[in-house]
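Descriptive structure summary
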Amino acid sequence: MTIQILPPEACQTMTEVRAGVDALDQALLRLIAKRYGYMDAAARIKNDRNVVRDEARKTEVLDNVEAGAAKLGLPAAELRAIWDRLVESSIAYELAEWDARRK
């Protein structure tokens, strides 16, 4: 049995809600995979391992997320914290990729 994915405002049951959440989780994973693809590209492009970590860029990304979340009426500080972890994970991934490409 296939559950139709409904917009949140149309959901009438928890089964519908959970189906929507599960579908979004899979979509988010695909987007995160694409984001990590950009980390692969950065590892390929950057010639110096010391520029992988860019604190100014990290701050810019986190500020953008916080502002965007606030505009959408979402918990901005919480999402900034989630993105901080995502960015740190991305940096670690990029460092590992940078090293692997230069062995």
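Residues numbered from 1 in each chain as written. Predicted model: local features only at pLDDT ≥ 70, side-chain atom pairs only at ≥ 80, totals over all residues. Heavy atoms only, no water.

Once that is clear, we can look at the packing of helix α2 (residues 55-71) against helix α3 (residues 76-101). One way to put it is that α2 packs onto α3 with a least axis distance of 9 Å and a crossing angle of 145°. At the point where α2 passes α3, the crossing takes the right-handed sense. In this structure, α2 uses K58, T59, V61, L62, D63, V65, E66, A69 and A70 to contact α3, whose residues at the interface are A76, A77, L79, R80, W83, D84, V87 and E88. For the contact of α2 with α3, the per-class residue count stands at 10 nonpolar, 1 polar and 6 charged. (Axes fitted to C-alpha atoms, helices over the stretch in contact; angles between N-to-C directions. Helix = DSSP H or I, 4+ residues; strand = E, 2+ residues; numbered from the N terminus. Left-handed = near helix turned anticlockwise from the far one by under 90°. Contact = heavy atoms within 4.5 Å. Nonpolar A, V, L, I, M, F, W, Y, C, P; charged D, E, K, R; others polar.)

For the structure shown, the criterion picks out 9 salt bridges. Across the pair R53 and E88 runs a salt bridge, and its minimum N-O distance is 2.6 Å. With R53 in the loop between α1 (14-45) and α2 and E88 in helix α3, this pair connects stretches of sequence that are 35 residues apart. One salt bridge connects E66 with R80, and the closest N-O pair in it is separated by 2.7 Å. With E66 in helix α2 and R80 in helix α3, the pair connects residues that are 14 residues apart, well separated along the chain. Here the salt bridges do not stand alone but share partners, grouping R53, E55, K58, D84 and E88 into one network. (Salt bridge = Lys/Arg side-chain N within 4 Å of Asp/Glu carboxyl O.)

Another aspect to go through is α2. The terminal C-alpha atoms of α2, which comprises 17 residues, lie 24 Å apart, in line with the 24 Å expected from a rise of 1.5 Å per residue. Among all positions in α2, only K58, V61, L62, V65 and A69 are buried. The buried residues of α2 occupy an angular sector of 95° when the element is viewed end-on, so they sit on one face. Structural note: α2 exposes A56 and K71 on the side pointing more than 90 degrees away from its buried face. Buried residues in α2 make contact with α1 and α3. In this structure D54 caps α2, since a side-chain oxygen of it lies 3.2 Å from the backbone nitrogen of A56. Just past α2, the residue G73 takes up positive phi, approximately 75°. (Expected span 1.5 Å × (residues − 1). Buried < 20%, exposed > 50% of the residue type's maximum accessible area, 1.4 Å probe, protein only. Arc of directions from axis to C-beta. Polar contact = N/O pair within 3.5 Å; in protein donor to acceptor, adjacent residues only side chain to side chain.)

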